[in-house]
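Chain and residue survey
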Amino acid sequence: MKFSIGKKIGSGFAVLILLTSVAFVFTVNIVNDSKNKTDDVVGQLAPSVSELKELNLLIQRSGTDITQWMFNSSTSSDIAFREDLKRIIEVEFPAQKNDLLKISENWNEEEKKKIKSIFLRVESIFRLYKADIMSQLTTPEDYQDALKTSVARISFEDSQTSLNSLYKELNTLIQVMQDKAESVKEDMCISYNILKLFVHYIGLTVGLVCILIALFTTQSITRPIHKLRGMLLSMGRGVLPK
């Protein structure tokens, strides 16, 4: 099958365009995939981990405050922990819960169930604080009342057991989110390495193809010209070509 010079040149450029198009489409797909994964990490996973850690710190503060409330009978000095605990229960926790509910809209069903279970347990512990410790021990005299301190101590010990279990559940969820973020980051690195290798090899391939096409095109043009030149020289010497 013979090609004219125009078809040969056109075929060469068609190969170059095909290779360039493949490289472009593959690069765009990798970049879009990396962008989506970056959006997942920046827009969802990282904030989720951050908010869960904030909730963890909030619960730890409440545990420290309730311990001081249980054993510190002072009401005139060094009572910052009392106001801090009230603020945690009435203001900070509801705000933190609201933020996490918004972020968790994109979580899977299992993760949503876990965070809802955590909220219920936190609220149960806080109700225990308010009913059996905070409301029982409000004045120095209350700390001298055996019945009130007994009720408060029992509830305090129960709350500590519940807190330890809650920490484990919350830390497990935090670890799940951190693992997901790390997994997405690893996928991004793999995609980047694949793109890097692809660009490297496609660059070499395109360069080699350009050289071959240039040589092929040059030969396609110069060979007939040299042949025609030989004919003209032969005719100049009186020798007619076949």
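Refer to the preceding data block for the structure.
In this report, the structure presented in the accompanying data block is examined. (Residues numbered from 1 in each chain as written. Predicted model: local features only at pLDDT ≥ 70, side-chain atom pairs only at ≥ 80, totals over all residues. Heavy atoms only, no water.)

Below, the discussion takes up the overall build of the protein chain. Tallying secondary structure elements over the protein chain gives four helices and zero strands in all. Traced from its N-terminal end to its C-terminal end, the protein chain shows the element sequence α-α-α-α. Relative to its length of 242 residues, the protein chain is extended, with a C-alpha radius of gyration of 38 Å against a globular reference of 18 Å. Projected onto its principal axes, the C-alpha coordinates of the protein chain cover approximately 135 × 35 × 20 Å. (Helix = DSSP H or I, 4+ residues; strand = E, 2+ residues; numbered from the N terminus. Rg over C-alpha atoms; globule rule 2.2 N^0.38 Å.)

Together, Leu-208, Ile-211, Leu-212 and Leu-215 line one region of the surface with nonpolar side chains, adding up to about 410 Å² of accessible area. Topologically, Ile-211 is positioned in helix α4 (residues 146–236). (Patch = residues over 30% accessible without salt bridge, like charges linked within 9 Å, V, L, I, M, F, W, Y side chains within 5 Å. Areas by Shrake-Rupley, 256 points an atom, 1.4 Å probe, with all protein chains shown as cover. Salt bridge = Lys/Arg side-chain N within 4 Å of Asp/Glu carboxyl O.)

When their charged atoms lie close together, side chains carrying opposite charge are able to pair. Applying the stated criterion to the full structure yields nine salt bridges. The closest approach of N and O atoms between Glu-123 and Lys-97, which form a salt bridge, is 2.6 Å. One end of the pair, Glu-123, is in helix α3 (residues 109–134); the other, Lys-97, is in helix α2 (residues 80–103), and 26 residues separate them in sequence. Overall, the relative accessible area of 24% leaves Lys-97 in the partly exposed class. (Buried < 20%, exposed > 50% of the residue type's maximum accessible area, 1.4 Å probe, protein only.)

It is worth spelling out the packing of aromatic side chains at this point. Applying the stated criterion across every chain yields a total of five aromatic pairs. Between Trp-69 and Phe-81, the aromatic rings sit 6.4 Å apart at their centres with planes inclined by 75°, giving edge-to-face as the arrangement. Of the two residues, Trp-69 sits in helix α1 (residues 5–71) while Phe-81 sits in helix α2, which places them 12 residues apart along the sequence. In this pair, the class of Trp-69 matches that of Phe-81, namely buried. The interplanar angle of 85° and the centroid separation of 5.5 Å between the aromatic rings of Phe-93 and Phe-126 together place this pair among those described as edge-to-face. Placement of the pair is Phe-93 in helix α2 and Phe-126 in helix α3, with a sequence separation of 33 residues. In this pair, the class of Phe-93 matches that of Phe-126, namely buried. One aromatic cluster in this structure is built from Phe-93, Phe-119, Phe-126 and Tyr-129. When the ring centre of Trp-69 is taken as reference, the NZ or CZ atom of Arg-82 above it lies at 4.7 Å. (Phe/Tyr/Trp six-rings, centres within 6.5 Å; stacked < 30°, edge-to-face > 60°. Lys NZ or Arg CZ within 6 Å of the ring centre and 35° of its normal.)

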